[in-house]
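Letter by letter, the chains look like this.
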Amino acid sequence: MSQHDILICGGGLVGASLALALSQLKLNVALAEAVPFGSIEQPSFDERTTAISNGTQRIFSAIGVWPLIERAATPIKRIHVSDQGRFGFARLDAREQDLPQLGYVVVNRVMGEALWRRLQESSVKIYAPAKVSTLQKTDGGYEVALTSALAPNGYNLAAKLLVAADGANSVVREAAGISASKQDYRQTAIVANLACQKFHNHIAYERFTAEGPLALLPLGDARIGLVWVLESELAEQALRLDDVEFLTRLQAAFGLRLGRFTQVGKRFAYPLTLTQAAAHSADRLAVIGNAAQSLHPIAGQGFNLGLRDAACLAEVLADAQRDGGERFDPGSVEVLQRYAAWRREDRGGIVAFTDGLVRLFAQPFGPIKTVRDAGMLLFDLSPLAKDYLAQLSLGAAGKIPRMARGGAL
Ligand SMILES: Cc1cc2nc3c(=O)[nH]c(=O)nc-3n(C[C@H](O)[C@H](O)[C@H](O)COP(=O)(O)OP(=O)(O)OC[C@H]3O[C@@H](n4cnc5c(N)ncnc54)[C@H](O)[C@@H]3O)c2cc1C
């Protein structure tokens, strides 16, 4: 049985980031990931484009991966929100907020490559491919069995603190007895890369249509990252269209702000649910990232929020280690209570904001649409409302972890 202080189950974007952050502390940290790195089966490091906040960028700097990502990251200078066929629209401008950019767009694969390259240079013990199959609570932590194609007898590990970072359908969260609520939006996100006639000018477009919201994210010099959310049946139909038909349909929904769409890459589908774990922690267990909550992508907040889970947990552990000296126990009740209390407020705000947007823009009725238009116009004119949204999308609402403020862990 190999002994570790902390075992992180799941080496996706959030679990891998936590492992790197913790490698800066004097701790024996292990990471178990089911899918071999570089495999096309890896669900976290796919061709999706993610809008990351400035707070996320700072956390990436603090854990040493930003220099490997920066070249492939496209700054967002403006966000343009519109409602198809209505007069209301709103803009958020980096210059108005005194910021060089509102955030960046990065392909998940690029983030994954950077995280795993740094992990391989770190002190973290990596088990991959190795899947968590069973876990057993002990007095001082957890015993965990991993199955692996690399080891016929698998691996048996013990840890004082177990971290569930194994995604929305977390087996670790479930085996530890934390329930999760699931709300099926009956919508599917279609994700693809596009080419179009006009330069994006570093503007991210969010457009609400009768069929669902769509986001067009600036990517590199000549590409656009599409996230198009449709009711699941309509999404299936759209996925079956050939490229020309698909682009014609998309053009009708988005209009000509970027000129004509000329090309679309491979399309991927993601069914959407809101999943929320009943708690962020249990005895000797912390839950982070999508295992704690998975959100609708309408506001581009899921990964940013999940990474703040990792940054907060790392900070609570770093402080407890510094204050506790020899007596420090990473799985202690105090550590886990501080972590869970910190995350409650941040998650509550982001879930209410994201789910509220989905509901508001799902309303087909006239009066609500008019309120929405008025709201957008008001938002466009109100510096206070813009400041609030800018704060939120910068990952700067509530108590912000040190690394997201540009400090060290
Ligand atoms: C269409 C779409 C667009 C999005 N856009 C944005 C955006 O613009 N901005 C934003 O902030 N967020 C966005 N998100 C959300 C973001 O993608 C997720 O929040 C993020 O990927 C969560 O990462 P994670 O590491 O927590 O979980 P996951 O990505 O699910 O990773 C979990 C990992 O655990 C591993 N695993 C699973 N089971 C086991 C096991 N038994 N043993 C060992 N390992 C296991 C998996 O192989 C995987 O590597 C979007 C999501 C979608 C669907």
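What counts as what
- Residues numbered from 1 in each chain as written.
- Predicted model: local features only at pLDDT ≥ 70, side-chain atom pairs only at ≥ 80, totals over all residues.
- Heavy atoms only, no water.
- Buried < 20%, exposed > 50% of the residue type's maximum accessible area, 1.4 Å probe, protein only.
- Helix = DSSP H or I, 4+ residues; strand = E, 2+ residues; numbered from the N terminus.
- Contact = heavy atoms within 4.5 Å.
- Core = buried A, V, L, I, M, F, W, Y, C linked by side-chain atoms within 4.5 Å.
- Pairing = 2+ DSSP bridges.
- Axes fitted to C-alpha atoms, helices over the stretch in contact; angles between N-to-C directions.
- Near = heavy atom within 4 Å.
- Polar contact = N/O pair within 3.5 Å; in protein donor to acceptor, adjacent residues only side chain to side chain.
- Areas by Shrake-Rupley, 256 points an atom, 1.4 Å probe, with all protein chains shown as cover.

**Student:** How should I be thinking about helix α1 (residues 13-22) in this particular structure?
**Tutor:** An α-helix turns once every 3.6 residues. As a result, residues three or four positions apart point the same way. Within α1, 10 of the 10 residues are buried, which leaves the element mostly enclosed by the surrounding structure. For α1, the full list of buried residues reads L13, V14, G15, A16, S17, L18, A19, L20, A21 and L22. In this structure, the buried residues of α1 make contact with β1 (2-9), β2 (29-32), α2 (54-62), α4 (108-120), β11 (151-164) and α8 (302-324).

**Student:** Explain the nonpolar core here, please?
**Tutor:** Buried together is how nonpolar side chains tend to be arranged in soluble globular proteins. Among the nonpolar cores identified, the biggest contains 63 residues, and I8 and F60 are the most heavily contacted of them. Judged by nonpolar contacts, the second largest core, of 23 residues, contains C9, Y142, A176 and V287.

**Student:** What exactly am I supposed to notice about the pairing of strand β3 (residues 49-53) here?
**Tutor:** Consecutive side chains of a regular strand alternate in pointing toward one face of the sheet and then the other. Counted residue by residue, β3 has 4 buried out of 5 residues, so it is predominantly covered. Sheet analysis places β3 next to strand β7 (residues 103-107), joined by 5 bridges and oriented antiparallel. Its bridge partner lying in β7, S53 is registered against G103.

**Student:** Explanation requested: the sheet that holds strand β4 (residues 74-76) in the structure shown.
**Tutor:** Either a parallel or an antiparallel arrangement is found when strands of a sheet pair, and the pairing is made through backbone hydrogen bonds. Read across the open sheet, the 3 strands follow the order β3-β7-β4; overall the sheet is antiparallel. The open sheet terminates on both sides in strands that have one partner only, identified here as β3 and β4. Taking the axes of each pair of neighbouring strands and ignoring which way they run, one obtains an average angle of 35 degrees across the sheet. In this sheet, β7 lies alongside β4 in antiparallel orientation, the contact comprising 3 bridges. The partner of I76 across the bridge, within β7, is G103. Packing against the sheet, α2 makes contact with β3 and β7, and its axis sits at approximately 90 degrees to β3.

**Student:** What exactly am I supposed to notice about the site of the ligand here?
**Tutor:** Neighbouring the ligand are 32 residues, the closest being E33, S44, A51, N290 and F303. Here A34 contributes a backbone N or O atom positioned 3.2 Å from a nitrogen atom of the ligand. At 2.9 Å from an oxygen atom of the ligand is found a side-chain nitrogen or oxygen belonging to Q42. Starting from 1000 Å² of accessible surface for the ligand in isolation, the protein chains cover 90%. Mapped by element, the contributors of at least two residues to the shell around the ligand are α1, β3, β9 (131-138), β12 (180-196) and α8. At 3 residues, the largest contribution of residues to the shell around the ligand is made by α8.

The analysis is restricted to geometry; functional conclusions fall outside its scope.
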